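Now for the letters of each chain:
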Amino acid sequence: IIGEVIAGNIDIAAVPTNLAATLYQRTQGSIEIAAVNTLGVLYILENSDSIQGMGDLAGKQILSAGQGTTAEYVINYLLTQNGLALGENVVIDYASEHAEVATQAQAGNYDVVILPEPYATSLMTQDNAFHIAIDVTEEWETLGNGALAMGGVIVQKSFAEEHPEALAAFMEEYQDSVDFVNENPTEAATLMETYDIIKADVAEKAIPNCNIVCITGEEAKTALESFYQVLL
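Presented here is a report on the structure given in the accompanying data block.

The rules behind each value
Think of each chain on its own: its residues are numbered from 1, step by step along the sequence as written. Totals for whole chains, interfaces and linings use every residue, but because this is a predicted model, local features are given only for residues with pLDDT of at least 70 and side-chain atom pairs only at 80 or more, for both listing and counting. Neither water nor hydrogens contribute to the side-chain values; these are computed over all heavy atoms in the structure. Here the term patch refers to residues with relative accessible area over 30% and no salt bridge, with like charges joined within 9 Å and nonpolar side chains (Val, Leu, Ile, Met, Phe, Trp, Tyr) within 5 Å. Method for areas: the Shrake-Rupley scheme with a 1.4 Å probe, in which residue coverage is limited to the protein chains shown. The working definition used for a salt bridge is a side-chain nitrogen of Lys or Arg within 4 Å of a carboxyl oxygen of Asp or Glu. The way it works is that DSSP assigns letters per residue, a run of H or I at least four long becomes a helix, a run of E at least two long becomes a strand, and they are numbered from the N terminus. Buried, partly exposed and exposed residues are distinguished by accessible area as a fraction of the type maximum, computed with a 1.4 Å probe on protein chains only: under 20%, between the cut-offs, and over 50%, respectively. What makes a nonpolar core is a set of buried Ala, Val, Leu, Ile, Met, Phe, Trp, Tyr and Cys residues whose side-chain atoms join them at distances within 4.5 Å. The aromatic pairing rule takes the rings of Phe, Tyr and Trp, using the six-membered ring of Trp, and pairs them if the centres are within 6.5 Å, calling planes under 30 degrees apart stacked, those over 60 edge-to-face and the rest tilted.

### Some words on a nonpolar patch on the surface
Piece 1. Together, Phe180, Leu191, Tyr195 and Ile197 make up an exposed nonpolar region whose accessible area comes to about 440 Å².
Piece 2. Secondary-structure assignment places isoleucine 197 in the loop between α9 (185-194) and α10 (200-206).
Piece 3. On the basis of relative accessibility, which here comes to 62%, the residue isoleucine 197 falls in the exposed class.

In structure tokens:
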């Protein structure tokens, strides 16, 4: 996707918002963000009832994935804001991928893990001892940062200027699609399995926690500015 966007071969793409910022720089401002399409999908899960808030992570050894990505930066920010220090009163180990995190949890090697959807739901489906202890998105919003804007829709600036009606039509249908998925999780989940994306039973349970949105205009700008400031 990166190479194709930079080459101008893709008009519209869905990418992480940190990548959107990078692409903006690498293309000298040739892309724009049309919408925020995904809020936070990270969850902290445990197999007991010892965690009621971020402060309860003190003394825990946690397994996560996504080292060097926004997932790591968001978690580190939340820990710092709640008076916790990595390596001192909380330890986060990193696996190479989310599937490995789930496998280690099921094997009993970790009691606390960090996973995004749909991996979180998949783990809870396979091991009902695990449950969501902390919604990372809620914790982010509690700190007054607004929406946790982790995914977005980007568009070539030239396309937006030359084909405004086409872009408007796309965004209208995109909004309809987002509404459909959120309002009809069973039907949406069936489609996901039909197109070999993910099993329907997991998808249906995960959709409510996936924070699929279509936020545009000033609301999107406000959320993104806050998120980018933390990354900076």
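### What about the nonpolar core?
Piece 1. Ile44, Leu57, Leu79 and Val136 are the most contacted members of the largest nonpolar core, which totals 24 residues.
Piece 2. Top element by residues in this core is helix α3 (residues 70-81). It accounts for 6 residues.

### Notes on the packing of aromatic side chains
Aromatic rings considered in pairs are described by the distance between their centres and by the relative angle of their planes.
Piece 1. Counted according to the given criterion, the structure contains 4 aromatic pairs.
Piece 2. Ring centres 5.7 Å apart and planes at 45° place the aromatic pair phenylalanine 170 and tyrosine 174 in the tilted group. Highlighted residues: phenylalanine 170 and tyrosine 174, both in helix α8 (residues 164-183), separated by 4 residues, approximately one helical turn.
Piece 3. Three or more aromatic residues joined by ring pairs form one cluster here, namely Tyr77, Trp140, Phe227 and Tyr228.

### As for unusual backbone geometry
Piece 1. Cis geometry marks the peptide bond from glutamate 117 to proline 118; its omega dihedral reads 5°.
Piece 2. Positionally, proline 118 belongs in the loop between β6 (112-116) and α5 (119-126).
Piece 3. One non-glycine residue with positive phi stands out, namely aspartate 196, at about 60°.
Piece 4. Classification of aspartate 196 as exposed rests on a relative accessible area of 71%.
Piece 5. In this model, asparagine 211 sits at a positive phi of 50°, which is unusual for a non-glycine residue.
Piece 6. Take asparagine 211: it is sitting in the loop between α10 and β9 (212-215).

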